[in-house]
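This is what each chain is made of:
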Amino acid sequence: MKFTASRETLLKPLQLVAGIVERRQTLPVLSNVLLVLNEQELSVTGTDLEVEIRSQVQLEAAGESGEITVPARKFVDICRSLPDGAEIKFSTEDGRAILRSGRSRFALSTLPANEFPSVEEQSGRMSFTVAQQKLKQLIDKTAFAMAQQDVRYYLNGMLWEVSGNRLRVVATDGHRLAMSDGDIQVNPNNVGDDKAEQSILPRKGVVELARLLSDEGEVNVVMGTNHARIEGEDFRFTSKLVDGAYPDYERVLPKGGTQILEGERDGLKQAFQRASILSNEKYRGVRMQLEGDQLTIMANNPEQETAEEEITVDYNGGTLELGFNVNYIIDVLNVLGGDKVRFTLSDANSSALMDDHSDDSSVYVIMPMRL
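The paragraphs below set out a description of the structure included in this document. Counting of residues starts from 1 at the beginning of each chain's written sequence and follows it residue by residue. With the structure being a predicted model, the display of local features is reserved for residues of pLDDT at least 70 and the display and counting of side-chain atom pairs for 80 or more, all residues being used for whole-chain, interface and lining totals. No hydrogens and no water enter the side-chain calculation; it runs on all heavy atoms of the structure.

## Some words on the overall build of the protein chain
Selection rule: Here a strand is any run of E in DSSP of at least two residues, a helix any run of H or I of at least four, and the numbering for each starts at the N terminus. Only protein chains enter the accessibility calculation, which uses a 1.4 Å probe. A residue is then buried if its area is under 20% of the maximum for its type, exposed if over 50%, and partly exposed in between. Whether two residues touch is decided by their heavy atoms; if any such pair falls within 4.5 Å, the residues are in contact. Residue burial considers only the protein chains on display, and all accessible areas are found by Shrake-Rupley using a 1.4 Å probe. Residues scored as charged are limited to Lys and Arg (positive) and Asp and Glu (negative), so that His and the chain ends carry no count. Taken as the charge centre is NZ of Lys, CZ of Arg, CG of Asp or CD of Glu, depending on the residue.
For the protein chain, the helix and strand inventory stands at 6 helices and 26 strands. Of all 371 residues assigned to the protein chain, the portion counted as buried reaches 49%. Sequence-distant contacts, at least 24 apart, represent 66% of the contacts inside the protein chain between residues at least 6 apart. A total of about 18400 Å² of accessible surface is found on the protein chain, and carbon and sulfur atoms cover 43% of it. In the protein chain, which carries 40 positive and 57 negative side-chain charges, the distance between the mean positions of the two groups comes to 6 Å.

In structure tokens, the structure reads:
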């Protein structure tokens, strides 16, 4: 196997795939990336057995076709350390990968390509096309609510639900829930009835996919029984799906809330951030008092320190006092895009529904706290 490429040509696909490669693996080959050269087309693949990313680039000139695996981090670090515009000559000799650039020469250990695990190809239950920017927005608006290392393993991921020409993504950790909808173009050749199709992407897959997506172009998404595959112009992403039933999120959405609070998003965000400084570091609770058009945010901690913020809002209900985890509120305020935020409330013991005053495509539910 032999080819010549510029530093920048190699660095882009390597950086795309190296993020999922762990340094310490039980299988040594999982610390490597698979390089496959077919004349001018070079593909770079990395996997951790749960997620696989393959990126392809066109070389300026054809090389000697072949395939080999090389240590991912070391290969990336070598390419990154070379000067801009450097030309890299890659070849294999006596079971080693030789990289030459100017007066630099590196010899890397290799492992045979046939030891590299590949994700099984399978037919999908359904497929659709969506703008990369839209899919990235959906993930960014909801990913923060995914659980981390919860024993309810199905919460350590994100639900993708396809119904008609709509993709709904849902994330929850049991204390809060984020839900966002976006338009997609469903493949007319999909087989099956009209009921909503659900799949759960694992947390690591969601994080890596968000890193891959850009603001331009479209991706084709294929949802299988055990895997999801997302293909863009210069990458192919495959992730195992979580085998489990996602909770009925519709039941979590509070119904019948009649007390509406509306306020400036930036002003509320700053007020909650200031109050959070003196909240209990473990429980992060803040108390919200509503009376007329006045919202008072109060926090205290075991050191007897207190914070109090007053902010003017639009509010249509009676006097109300509620407690919430301040981090959950700030997380929502960080992802909402509009100038105004709306809270829909019932009473002190009910969940709050938060959304953008001007955009109802995303909604957020926060469970109350007893303070």
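## So, the sheet that holds strand β21 (residues 306-312)
Just so we agree on the cut-off: Here, any two strands with at least 2 DSSP bridges between them count as paired. The angle between two axes is taken between their N-to-C directions and runs from 0 to 180 degrees, where each axis is a line fitted to C-alpha atoms and a helix contributes only its stretch in contact.
Strand order across the open sheet formed by 4 strands is β21-β20-β19-β23, with antiparallel pairing between neighbours. Lying at the two open borders of the sheet, with one neighbouring strand each, are β21 and β23 (320-325). The mean inter-strand angle of the sheet, taken between neighbouring strand axes irrespective of direction, is 20°. In the packing of helix α5 (residues 265-276) onto the sheet, the strands contacted are β19 (285-291), β20 (294-300) and β21, and the crossing angle to β21 comes to about 170°. Against the sheet, helix α6 (residues 326-335) touches β19 and β23, its axis set at about 85° to β23.

## Overview of the packing of helix α3 (residues 132-142) against helix α4 (residues 203-212)
Applicable threshold: Here the angle decides the label: under 35 degrees means roughly parallel, over 145 means roughly antiparallel, 65 to 115 means roughly perpendicular, and every other value means oblique. Should the near helix be turned anticlockwise from the far one by less than a right angle, the crossing is left-handed, and should it be turned clockwise, the crossing is right-handed.
Packing of α3 against α4 leaves a shortest axis separation of 10 Å and a crossing angle of 140°. On the basis of their axis angle, the class for α3 and α4 is oblique. Relative to α4, α3 is oriented so that their crossing is left-handed. Touching Gln132, Leu135, Lys136, Ile139 and Asp140 of α3 are Val206, Leu209, Ala210 and Leu212, all from α4.

## Some details on the packing of aromatic side chains
The geometry of an aromatic ring pair is captured by two quantities: the separation of the ring centres and the angle between the planes. As a reminder of what qualifies: Pairs were defined over the aromatic rings of Phe, Tyr and Trp, the Trp ring being its six-membered one, requiring ring centres within 6.5 Å. Orientation was assigned from the angle between planes: stacked under 30 degrees, edge-to-face over 60, tilted for the rest.
Applying the stated criterion across every chain, the model contains 4 aromatic pairs. Plain terms: the ring middles of Phe75 and Phe90 are 6.0 Å apart, the flat faces sit at 40° to each other, and that makes the pair tilted. Placement of Phe75 in helix α2 (residues 72-81) and of Phe90 in strand β6 (residues 87-93) is noted, with a sequence separation of 15 residues between them. A residue is classified by how much of its surface remains accessible, and Phe90, at 1% relative accessible area, is buried. Here a set of aromatic residues connected by ring pairs shows up, and it is made of Phe3, Phe75 and Phe90.

## Brief notes about the side chain of Thr344
By the element assignment, Thr344 lies in strand β24 (residues 340-345). For Thr344, the contacting residues outside a window of four places in its chain are Gly257, Gln259, Ile260, Ser351, Ala352 and Leu353.

## Brief notes about unusual backbone geometry
Located in the positive-phi region is Glu39, a residue other than glycine, with phi close to 60°. With respect to the secondary-structure elements, Glu39 resides in the loop between β2 (32-38) and β3 (41-47). The residue Gln149 is not glycine, and still its phi comes out positive at about 55°. Mapped onto the elements, Gln149 comes out in the loop between α3 and β10 (157-163).

## Things to note about the pattern of salt bridges
We apply this condition: Take a side-chain nitrogen of Lys or Arg and a carboxyl oxygen of Asp or Glu: if they are within 4 Å of each other, that pair is a salt bridge.
Applying the stated rule across the entire model yields 22 salt bridges. The salt bridge partner of Asp150 is Arg152, with a shortest N-O separation of 3.0 Å.

## What to know about the pairing of β24
Pairing between strand β18 (residues 259-264) and β24: 6 bridges, direction antiparallel. If you follow Gly263 over to β24, its bridge partner there is Val341. Pairing between β24 and strand β25 (residues 352-356): 4 bridges, direction antiparallel. The residue bridging Arg342 from the neighbouring strand is Asp355, located in β25. Connecting β24 to the antiparallel partner β25 that follows it, the hairpin turn spans 6 residues.

## Some remarks on the packing of α5 against α6
Packed helix pairs are specified by the crossing angle of their axes together with the interaxial distance, meaning the distance between the axes. Test applied: Throughout this entry, Asp, Glu, Lys and Arg are counted as charged residues, while Ala, Val, Leu, Ile, Met, Phe, Trp, Tyr, Cys and Pro are counted as nonpolar. The remaining residues, Gly among them, count as polar.
Two elements in contact, α5 and α6, have axes whose closest approach is 10 Å; the angle formed by their N-to-C orientations is 150°. When the interaxial angle is binned, α5 and α6 end up roughly antiparallel. Taken as a pair, α5 and α6 cross one another with a handedness that is left-handed. On α6, the residues that touch Arg265, Leu268, Lys269, Phe272, Gln273 and Ser276 of α5 are Val326, Ile329, Ile330, Leu333 and Asn334. Here the contact of α5 with α6 is composed, by residue class, of 6 nonpolar, 3 polar and 2 charged.

## Some details on the sheet that holds strand β1 (residues 2-6)
In space, the 4 strands of this open sheet follow the order β1-β6-β7-β8, with antiparallel pairing throughout. Every other strand in the sheet has two partners, leaving β1 and β8 (104-109) as the edge strands with one partner each. Mean inter-strand twist for the sheet, computed between neighbouring axes without regard to direction, equals 20°. Taken together, the 5 bridges between β1 and β6 define a ladder with antiparallel strand orientation. Bridge assignment links Ser6 to a residue of β6, and that residue is Glu87. Sheet contacts for helix α1 (residues 7-18): β1 and β6; angle to β1, the most-contacted strand, approximately 95°. Strand contacts of α2: β6, β7 (96-101) and β8, with the helix running at about 170° to β8, the strand carrying the most contacts.

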